Amino acid sequence: MIGMSVSLIGITLFIFVIGFKFIKDKRTGLGAGCIAFSLVAAGMIVFMLNKQFFFAL
């Protein structure tokens, strides 16, 4: 579970950073899509970690 979480965080950060590269290269739609996707994915990762480790019932 921890290894999966770390790999998901790494991929999400990579997609977030590449979104800014796309915006810089004048591909604003693709860049905005990458940034939006990474923010949604980060929210799901936080939810998953909270449910699994911090607020497990």
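The shown structure was predicted, so the numbers you read here are calculated from the model rather than taken from an experiment.

Participant: Looking at this structure, how should I read helix α2 (residues 28-54)?
Facilitator: Since one α-helical turn is 3.6 residues long, residues separated by three or four positions face the same way. In this model α2 runs 37 Å from its N-terminal to its C-terminal C-alpha over 27 residues, within 8% of the 39 Å that 1.5 Å per residue would give. The secondary structure elements touched by the buried residues of α2 are α1 (2-24).

Participant: Looking at this structure, how should I read the environment of A41?
Facilitator: For A41, the location among the structural elements is in helix α2. According to the relative accessible area criterion, A41 is buried, its value standing at 11%. Spatially, the C-alpha atoms of A41 and I15 are 10.0 Å apart, while their sequence positions differ by 26 residues.

Participant: I tried to follow a nonpolar patch on the surface on my own but got confused; where do I start?
Facilitator: Residues M1, I2, M4, V6, L8, F53, F54 and F55 make up a contiguous nonpolar surface patch of roughly 850 Å² in combined accessible area. Mapped onto the nonpolar patch, the elements with two or more residues apiece are α1 and α2. For the nonpolar patch, the element with the highest residue contribution is α1, accounting for four residues.

Participant: Would you take a moment to explain the pattern of salt bridges for this structure?
Facilitator: Pairs may arise between side chains of opposite charge once their charged atoms sit close together. All told, the structure shown has one salt bridge when counted by the stated rule. As a salt-bridge pair, K21 and D25 come within 3.1 Å of each other at their nearest N and O atoms. The exposure class of K21 is partly exposed, given its relative accessible area of 46%. Judged by relative accessible area, D25 falls into the partly exposed class, the value being 37%.

Participant: What's the story with the side chain of T12 in this structure? I'm lost.
Facilitator: Along the chain, T12 falls in helix α1. Looking at T12, the relative accessible area reads 13%, which means it is buried. Among the polar contacts made by the side chain of T12, one reaches the main-chain carbonyl oxygen of L8 at a distance of 2.7 Å. Residue contacts for T12: discarding those within four places in its chain leaves S38, A41, A42 and I45.

Participant: Before we go on, may I ask you to explain the packing of aromatic side chains in this structure?
Facilitator: A ring pair, where both rings are aromatic, is described by two values, the distance of the centres and the angle of the planes. Taken as a whole, this structure holds one aromatic pair when the rule is applied. Geometrically, the ring pair formed by F16 and F20 is edge-to-face, given 5.1 Å between the ring centres and 85 degrees between the ring planes. Of this pair, F16 and F20 both sit in helix α1, four residues apart, which is roughly one turn of the helix. Classification of F20 by relative accessible area gives partly exposed; the value is 46%.

Calculation criteria
Residues numbered from 1 in each chain as written. Predicted model: local features only at pLDDT ≥ 70, side-chain atom pairs only at ≥ 80, totals over all residues. Heavy atoms only, no water. Helix = DSSP H or I, 4+ residues; strand = E, 2+ residues; numbered from the N terminus. Expected span 1.5 Å × (residues − 1). Contact = heavy atoms within 4.5 Å. Buried < 20%, exposed > 50% of the residue type's maximum accessible area, 1.4 Å probe, protein only. Patch = residues over 30% accessible without salt bridge, like charges linked within 9 Å, V, L, I, M, F, W, Y side chains within 5 Å. Areas by Shrake-Rupley, 256 points an atom, 1.4 Å probe, with all protein chains shown as cover. Salt bridge = Lys/Arg side-chain N within 4 Å of Asp/Glu carboxyl O. Polar contact = N/O pair within 3.5 Å; in protein donor to acceptor, adjacent residues only side chain to side chain. Phe/Tyr/Trp six-rings, centres within 6.5 Å; stacked < 30°, edge-to-face > 60°.

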